[in-house]
Amino acid sequence: MIKLKTNVKCGACVASITPEMDKIAPNQWKVDLSHPDRILEVAGDLPEETVKSALQRAGYRGESI
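Residues numbered from 1 in each chain as written. Predicted model: local features only at pLDDT ≥ 70, side-chain atom pairs only at ≥ 80, totals over all residues. Heavy atoms only, no water.

K.L.:
Help me out: how do you make sense of the overall build of the chain in this one?
P.N.:
When you go through the chain residue by residue, the secondary structure sums to two helices and four strands. Starting at the N terminus and walking to the C terminus, you meet the elements of the chain as β-α-β-β-α-β. Here the C-alpha radius of gyration of the chain, 10 Å, is about what a compact globule of 65 residues would show, namely 11 Å. Structurally, the chain occupies a C-alpha span of about 25 × 25 × 20 Å along its principal axes. Excluding contacts between residues fewer than 6 apart, the proportion of contacts in the chain whose partners are at least 24 apart in sequence is 60%. Carbon and sulfur atoms make up 49% of the accessible area of the chain, which amounts to about 3800 Å² in all. Separation between the mean location of the 9 positive side-chain charges and that of the 9 negative ones in the chain comes to 5 Å. (Helix = DSSP H or I, 4+ residues; strand = E, 2+ residues; numbered from the N terminus. Rg over C-alpha atoms; globule rule 2.2 N^0.38 Å. Contact = heavy atoms within 4.5 Å. Areas by Shrake-Rupley, 256 points an atom, 1.4 Å probe, with all protein chains shown as cover. Lys, Arg positive; Asp, Glu negative; His and termini not counted. Charge placed at Lys NZ, Arg CZ, Asp CG, Glu CD.)

K.L.:
Which parts of the structure should I look at to understand the sheet that holds strand 4 (residues 62-64)?
P.N.:
What links the strands of a sheet is backbone hydrogen bonding, and the strands pair in either a parallel or an antiparallel sense. Strand order in the open sheet formed by four strands is 2-3-1-4, with antiparallel pairing between adjacent strands. Each edge of the open sheet is held by one strand with a lone partner, namely strand 2 (29-32) and strand 4. Averaged over all pairs of adjacent strands, the angle between strand axes in this sheet comes to 30°, irrespective of strand direction. With four bridges connecting them, strand 1 (residues 2-6) and strand 3 (residues 39-42) associate as antiparallel partners. The partner of K3 across the bridge, within strand 3, is E41. Strand contacts of helix 1 (residues 11-24): strand 2 and strand 3, with the helix running at about 155° to strand 2, the strand carrying the most contacts. Sitting on the sheet, helix 2 (residues 48-57) is in contact with strand 1, strand 3 and strand 4, with an inclination near 35° to strand 1. (Pairing = 2+ DSSP bridges. Axes fitted to C-alpha atoms, helices over the stretch in contact; angles between N-to-C directions.)

K.L.:
Please explain the nonpolar core as it appears in this structure.
P.N.:
For soluble globular proteins, the rule of thumb is that nonpolar side chains tend to be buried together. The biggest cluster of nonpolar side chains holds 16 residues, and the ones touching the most others in it are I17, M21, W29, L40, V42, V51 and L55. Elements that contribute at least two residues to this core include exactly strand 1, helix 1, strand 2, strand 3 and helix 2. Setting aside its immediate chain neighbours within four residues, L40 contacts I2, K3, L4, T6, M21, W29, K30, V31, V51 and L55. (Core = buried A, V, L, I, M, F, W, Y, C linked by side-chain atoms within 4.5 Å. Buried < 20%, exposed > 50% of the residue type's maximum accessible area, 1.4 Å probe, protein only.)

Right under this line is the structure:
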């Protein structure tokens, strides 16, 4: 599982990243908006860089934790 600190702040932000995240990990990801660091969790064996690239394409960023 990959966990990244993100700058995804609200439900509208989650909606913005959904198309890109669903391309790489359909139904295998979630953002914890209640956590101060807005943690994105992605199940599976994807490379971390793939997830970061998907976030960047949607206009957001992810940092390793």
